[in-house]
Amino acid sequence: MIFESPEPMDPLAESEDAQVKNRAKVGSARPSSLLYTFGVGSIMDLPQFSIMPAGLDDWEPIWRRRETIPVIEEPRLLKVVQLHLGPRVQQLRPFPWQPKARAMSQEGSDLGIPARVFPQWLRCTGCDYLGPLSRFSYTNTHPFRPDLATFEHVSCPGRGLNKNKIPGTKGKTRRSPAVPARYLLACVNGHLDEFPYVLWAHRGKPCPAAPQPDLKLIDSNIGQGAGAVIVCERCRQRRSMSEAQGASGKRKLPGCRGRHPHLNAFDSSCEQQPTTLMMMGASNLWFASTQSIIVMPRTAEQDKTALATRMRTLLSEQELTQFGALPAVLRALLNAHKCDLTDITDEELLAAAAEAVAPPPSEEERKEKLRQWDPVELLVPEWDYLQKPALFAQQQDASGLMVTETATSPDLPDQIHRVIAVNRMKKVNAVLGFTRIDEMDRVNDLATRLVKLTRDGRPTWVPATEDRGEGIFLQLDENKVADWETKIVNTGLWKAHRQAHRHNFSRRFSATAADIDPDTRFPAPRYWLIHTLSHILIREMAMSCGYGAASLSERLYAWPATPDRPAAAGLLICTTSSDSDGTLGGLVALSQPERLRGLVADALHRAARCSSDPVCGQRTPRHGEDFLHGAACHCCCFASETSCERANRFLDRRFLLTLPTIDDERVPGFFGAVDGY
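All of these numbers come straight from a predicted model, not from anything done at the bench.

Rules of the game
Residues numbered from 1 in each chain as written. Predicted model: local features only at pLDDT ≥ 70, side-chain atom pairs only at ≥ 80, totals over all residues. Heavy atoms only, no water. Phe/Tyr/Trp six-rings, centres within 6.5 Å; stacked < 30°, edge-to-face > 60°. Helix = DSSP H or I, 4+ residues; strand = E, 2+ residues; numbered from the N terminus. Buried < 20%, exposed > 50% of the residue type's maximum accessible area, 1.4 Å probe, protein only. Salt bridge = Lys/Arg side-chain N within 4 Å of Asp/Glu carboxyl O. Contact = heavy atoms within 4.5 Å. Polar contact = N/O pair within 3.5 Å; in protein donor to acceptor, adjacent residues only side chain to side chain. Pairing = 2+ DSSP bridges. Axes fitted to C-alpha atoms, helices over the stretch in contact; angles between N-to-C directions. Expected span 1.5 Å × (residues − 1). Parallel < 35°, antiparallel > 145°, perpendicular 65-115°, else oblique. Nonpolar A, V, L, I, M, F, W, Y, C, P; charged D, E, K, R; others polar.

(A) Representation of the packing of aromatic side chains in the model. For the coordinates displayed, the defined rule picks out 26 aromatic pairs. Judged by centre distance (5.7 Å) and plane angle (50°), the ring pair of Trp59 and Trp461 falls under tilted. Separated by 402 residues along the polypeptide, Trp59 in the loop between strand S3 (50–53) and helix H3 (60–63) and Trp461 in strand S22 (residues 461–476) bring together distant segments of the chain. Overall, Trp59 belongs to the buried group, its relative accessible area being 1%. With a centroid separation of 5.9 Å and 75° between ring planes, the pair formed by Trp494 and Trp528 is classed as edge-to-face.

See below:
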């Protein structure tokens, strides 16, 4: 059960009638950052304090400022979102933002993402005072400098006696800025809470001297994460935060209260005992769970599904039931909502209306489909389209996709079978939710591990972005890949990686991971090969395409043949942006035969050696080790987290090239030896 606040939050409305000293705007972020780094439920660091973007319930008052709400129509992605979150999700909406015509114009100034200050315990930088938000003064007065918003400790005494006056002034007291207290409590069910500083300092008991005592957080060891000491100013009790670390410290922490700060609510169903100590900037505090697709030319069935979704959004259930067999009336109703039906026939309109009123699948059916769902299903239509060059001439402008098959240089390694220049592309990304402590693909993909985006856990829409850009698609020779895989699966290196993956899987935070066969989650050798090739190409392309390496991302098509789908062996390296209309062609220009030949040759040449060799080139998981990479490190293969889809896991240069080894077994690289190896 969720206990919620009585009213949704609208900080922009709160600032309309307020004085200039209480402005609501505190910062800004790019759409891609809000999607992957600082989304709903995350902690966003501002210059003076930190905030947490609120849940989707609190976005509704913002959207009501517009007569029409923009929607991103992509049936293929919406179907996947509905599979994960339920059939109530009917829309993919962009972030509430509007571009400005000029630097000082006011378009879109009434839009924004609501957020709450979190953590709400702050520490004074002048005297180490530790207290709740209500004991500090908020200041945000500059109309064009929201970064100057700050919380201050009024009448700060400083560190010492008679320090409450500012030197060189008369009658003015010290106002020291406050910063967030950095300790938090989290649980694997996605709850997040403030650290109970008062109870911790008094070892679970109330203060004998005051019901709400003043505390201080004193850093005893500079640079130590949990080296601080909590001191009660009234009874002089003190306790180090180092006691909360490790397995013994975990047993001293309280149980989870089920708090969702982004929803301003508590979930009474959580029974995690105890919680986990987290630092505010910890990388495992928030993991986004998203799904993305490259927009392809739609089929007739997808067009019908898109129209049906639009009908459910614009018309009531009564209107659809009453007029579902009357195309003229349906047209009039939809035209009143400014819905373009120019190319829609009456038969298509009736078919879409029938689909719109059809009952959704039962919850049991949805859960069974979700249990059997494989993320590869999102990639299969894209792979199939790229296998049919005859369709390239029939590309539709509405899809935003333009691809051209490119000739290959005779000197290009014959393991690379095809090259396709992706001149234009559109990528749509949707938010499913988020997890804490362990990311989604490491908690056995259970939807129940996703943190709610709304208080009732049943959203009717989710945030999404449209990214436009360009890229290069490389397809490897399937016969050569299959022959190479048969040689790899029996090597000692492959067996060592498989065993390391089993150890890694068994040590995850998810209690349900023990019920999953880890081998079913272990990528095939071709995935390791294509993933490593993608990383060395990203590093090489970044030096000549005009985009930084962090702006390039990978999309891997690497799966063995199954009864349901043929094998795939290819990769797409692309650059996209959600706040521009496209890119400048620097990446797609690298698909020219001679430039690509030189680029691939240089990438393989660099991959043959690493500045950390021989340690890197001979790194193999031994008994009990659980790291998920081999001959790969920051010097040779690792990419930024914005580029890699698997967080730099499943990489090994020995699958790419035949490298020297001190072992008896020499692993055959897919591209053979380089530089005489």
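(B) Main features of the pattern of salt bridges. Applying the stated criterion across every chain, the model contains 35 salt bridges. Across the salt bridge formed by Arg88 and Asp456, the nearest N and O atoms sit 3.6 Å from each other. Of this pair, Arg88 sits in the loop between helix H4 (75–85) and strand S4 (91–93) while Asp456 sits in the loop between strand S21 (416–435) and S22, and the two are 368 residues apart along the sequence. Under the relative-accessibility criterion, Asp456 is labelled partly exposed at 46%. We note a salt bridge from Arg175 to Glu152, for which the minimum N-O separation is 2.8 Å. On the criterion of sequence distance, the pair formed by Arg175 in strand S10 (residues 175–180) and Glu152 in strand S9 (residues 150–154) is long-range, its members being 23 residues apart. Its relative accessible area of 40% is what places Arg175 among the partly exposed residues.

(C) Representation of the environment of His337. With respect to the secondary-structure elements, His337 resides in the loop between helix H9 (327–336) and helix H10 (346–357). Taking the C-alpha atoms as reference, His337 lies 9.0 Å from Leu315; in sequence the two are 22 residues apart. Excluding anything up to four places from it in sequence, His337 contacts Leu314 and Leu315.

(D) Looking closely at the side chain of Arg565. Relative to the assigned elements, Arg565 resides in the loop between strand S23 (553–559) and strand S24 (568–577). On the accessibility criterion, Arg565 (18% relative accessible area) is buried. At 3.1 Å, the side chain of Arg565 forms a polar contact with the side chain of Asp374. With residues up to four places along the chain from it excluded, the contact list for Arg565 reads Asp374, Val376, Val380 and Trp559.

(E) Representation of the side chain of Arg239. Along the polypeptide, Arg239 turns up in strand S15 (residues 238–240). Here Arg239 falls in the buried class, since its relative accessible area comes to 9%. Polar contacts involving the side chain of Arg239 include one to the main-chain carbonyl oxygen of Trp200, which spans 3.2 Å. Every residue in contact with Arg239, bar those within four places of it in the chain, is listed here: Trp200, Ala201, Arg203, Ala228, Val229, Ile230 and Lys252.

(F) Broad picture of the sheet that holds S10. Spatial ordering of the open sheet is given by S8-S9-S10-S6-S7-S13-S14-S15, a layout of eight strands whose pairing is antiparallel. Both outer strands of the open sheet, strand S8 (137–139) and S15, are each paired with one neighbouring strand and no more. With direction set aside, neighbouring strand axes in the sheet form an average angle of 35°. When strand S7 (residues 129–132) meets strand S13 (residues 215–219), the two strands line up antiparallel, connected through two bridges. Bridge pairing in S13 places Tyr129 opposite Lys216.

(G) Quick look at helix H16 (residues 593–607). Taking 1.5 Å of rise per residue, the 15 residues of H16 would be expected to cover 21 Å, and the 21 Å separating its terminal C-alpha atoms lies within 8% of that figure. Residues of H16 that are buried make contact with S21, S22, helix H15 (525–541) and helix H17 (653–656).

(H) Representation of helix H7 (residues 300–314) within the structure. Given a rise of 1.5 Å per residue, 15 residues ought to cover 21 Å, and the 21 Å separating the end C-alpha atoms of H7 matches this to within 8%. Elements that come into contact with the buried residues of H7 comprise H4, helix H8 (317–323), H9 and H10.

(I) Summary view of the packing of H9 against H10. Direction vectors running N to C along H9 and H10 enclose 80°, while the axes themselves pass 10 Å from each other. In terms of orientation, H9 and H10 fall into the roughly perpendicular class. Residues Pro327, Leu330, Arg331 and Leu334 of H9 lie in contact with H10, whose contacting residues are Asp346, Leu349, Leu350 and Ala353. Classifying every residue of the contact of H9 with H10 by side-chain character gives six nonpolar, no polar and two charged.

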